[in-house]
Amino acid sequence: MLAATQDANVLSNLFMFAAIAFLVVMMFLNSRKRKKQQSDMAAALKPGAWIMTTAGVFGEVKAIEEDKVLIESTPGTSFIVIRGAVARIVDAPVALAAKTANKTAAPKAAVKPAAKKPAAKKPAAPAAKK
């Protein structure tokens, strides 16, 4: 009986060791994958690329200096962020720009004036007492 409990204890310890080893290996592989993605993005980050920041702001890279990136979000609106604030590189928003151009070029429909509300009726005067 003592041998059976010792075997179960050894088997339990072996299982725990294998589970921890598996987690360490998975963390190591994930770290390597993340570093590769980061280096690929850093290589693709150049003036003219469209990016999304960690705050969700989209824009075009205009210039890069050391750890700072100059981004133009809309024509005439530029701001500087640190390189670490760039979340990912995205495709240029061609369809979005076309939709925006169409909306501004379309003539505006004539706006109807609001209908006038009828004046409130005055309550009837109380009947005179005799």
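Residues numbered from 1 in each chain as written. Predicted model: local features only at pLDDT ≥ 70, side-chain atom pairs only at ≥ 80, totals over all residues. Heavy atoms only, no water.

### Here we look at the side chain of T53
So, point 1. Looking at the secondary structure, you find T53 in strand β1 (residues 50-53).
So, point 2. Dropping the residues within four chain positions of it, T53 is found in contact with I71, A85, V86 and A87. (Helix = DSSP H or I, 4+ residues; strand = E, 2+ residues; numbered from the N terminus. Contact = heavy atoms within 4.5 Å.)

### Examining unusual backbone geometry
Excluding glycine, most residues fall at negative phi; most peptide bonds, likewise, are trans.
So, point 1. At E66, a position not held by glycine, the phi torsion is positive, near 45°.
So, point 2. One can find E66 in the loop between β2 (58-65) and β3 (68-74).
So, point 3. A relative accessible area of 75% places E66 in the exposed class. (Buried < 20%, exposed > 50% of the residue type's maximum accessible area, 1.4 Å probe, protein only.)

### What about the pairing of β1?
So, point 1. Two strands pair when backbone bridges link them, and β1 and β2 are joined in this way by 3 bridges, in the antiparallel orientation. Bridge pairing in β2 places I51 opposite G59.
So, point 2. The turn linking β1 back onto β2 is made up of 4 residues, and G56 within it adopts a positive phi angle of 90°. (Pairing = 2+ DSSP bridges.)

### Let's talk about the pattern of salt bridges
So, point 1. Applying the stated criterion to the full structure yields 3 salt bridges.
So, point 2. Residue K62 is joined to E60 by a salt bridge in which the shortest nitrogen-to-oxygen separation is 3.5 Å.
So, point 3. Counted as one network, the salt bridges with shared partners bring together E60, K62 and E72. (Salt bridge = Lys/Arg side-chain N within 4 Å of Asp/Glu carboxyl O.)

### Considerations on the environment of Q38
So, point 1. Topologically, Q38 is positioned in helix α1 (residues 2-44).
So, point 2. Distance in space between the C-alpha atoms of Q38 and G84 is 9.9 Å, their sequence separation being 46 residues.

### Looking at the pairing of strand β4 (residues 77-82)
So, point 1. Summarising the sheet, β3 and β4 pair through 6 bridges and their orientation is antiparallel. Bridging from a neighbouring strand, T74 pairs with T77 of β4.
So, point 2. Hairpin geometry of β3 and β4 is characterised by an intervening segment of 2 residues between the two adjacent antiparallel strands and by a positive phi of about 90° at G76.

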